[in-house]
Amino acid sequence: MAIKKQFRLTDKQYLWVALSSRSRIRHWNDIEVLFHTKSWFGGSKLKSPIAFERVVDVLFRTAAPPEILSKYLKLVENTEERLSLSKKLKCHTVVIDTLVAARDRQGLLAYASKLEMGTNDHMLAQEALRSPGTRWKN
């Protein structure tokens, strides 16, 4: 934070510099600290002045592990954007979760057919399709 004050950086500028530098040296846990904010009732949540789409892009370019990418992909608010990004980055769990949340059975069937048989992701998709608790739109 001393850097932020010394160079008079805005929150967005500071976060961008910190994200870029932390991801280049692969300190993934330090990145999460950048996004933590306190809520009124003492809880904490992840929030960013930079769109999480951009955060995911930086993490992908610096070869972040899939579980780190998945964590930040889930924070992308726009469902369509999250779906296209997670397909592009091959974060299958996020694609499956997004399709289930959208109750898109046909989309999930099509995506499950592209997954390799016997993988955890394929089994997760099949389990989601068989789940009686989901009321599908299509």
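Residue positions are given per chain, counted from 1 along the sequence in the order it is written. Only residues with pLDDT of 70 or above have their local features reported here, since the model is predicted, and side-chain atom pairs are shown and tallied only from 80 upward, although totals for entire chains, interfaces and linings are computed over all residues. Computation of side-chain values covers all heavy atoms of the structure but excludes hydrogens and water.

To continue, consider the side chain of threonine 98. When you line up the elements, threonine 98 lands in helix α7 (residues 92-101). For threonine 98, a relative accessible area of 3% puts it in the buried group. Sequence-distant contacts of threonine 98, defined by excluding residues within four places in its chain, comprise Thr79, Arg82 and Leu83. Comment: elements are numbered from the N terminus, with helices defined as DSSP H or I runs of at least four residues and strands as E runs of at least two. A simple rule labels every residue: compare its accessible area, found with a 1.4 Å probe on the protein chains alone, to the largest value its type can have, and call it buried under 20%, exposed over 50%, or partly exposed in between. The criterion used for residue contact is that any of the two residues' heavy atoms lie within 4.5 Å.

Not every positive phi belongs to a glycine, and arginine 8 is a case in point at roughly 55 degrees. Note on placement: arginine 8 falls in the loop between α1 (2-6) and α2 (11-24). On the basis of relative accessibility, which here comes to 75%, the residue arginine 8 falls in the exposed class. Here arginine 103, not a glycine, exhibits a phi torsion of approximately 55 degrees, which is positive.

In this section: the environment of alanine 63. Topologically, alanine 63 is positioned in the loop between α4 (52-61) and α5 (66-73). Distance from alanine 63 to serine 20, taken between C-alpha atoms, is 12 Å for residues 43 residues apart in sequence. With residues up to four places along the chain from it excluded, the contact list for alanine 63 reads Arg26 and Trp28.

Where helix α8 (residues 105-114) is concerned, the buried positions are Leu108, Tyr111 and Ala112. For α8, the angular spread of buried residues about the axis comes to 100 degrees, placing them on one side. Across α8 from its buried face, at more than 90 degrees, point the exposed residues Ser113 and Lys114. On the buried face of α8, the contacting elements are α6 (79-88), α7 and α9 (120-130). We call two N or O atoms a polar contact when they sit within 3.5 Å, provided that within protein one can donate a hydrogen and the other can accept it, with sequence-adjacent residues counted only if both atoms are side-chain atoms. Near the N-terminus of α8, the side chain that reaches the backbone nitrogen of glycine 107, with its oxygen 2.9 Å away, is that of aspartate 104. Starting at the helix axis, one direction is taken to each C-beta atom, and the arc is that of these directions.

To continue, consider the pattern of salt bridges. Side chains carrying opposite charge are able to pair once their charged atoms draw close together. In the sections that follow, a salt bridge refers to a side-chain nitrogen of Lys or Arg positioned within 4 Å of a carboxyl oxygen of Asp or Glu. One pass over the structure, following the stated rule, counts four salt bridges. The closest approach of N and O atoms between lysine 4 and aspartate 11, which form a salt bridge, is 2.1 Å. Residue class for lysine 4 comes out buried when judged on its relative accessible area of 19%. A salt bridge links lysine 71 to glutamate 32, with the shortest nitrogen-to-oxygen separation between them at 2.4 Å. Placement of lysine 71 in helix α5 and of glutamate 32 in helix α3 (residues 28-35) is noted, with a sequence separation of 39 residues between them.

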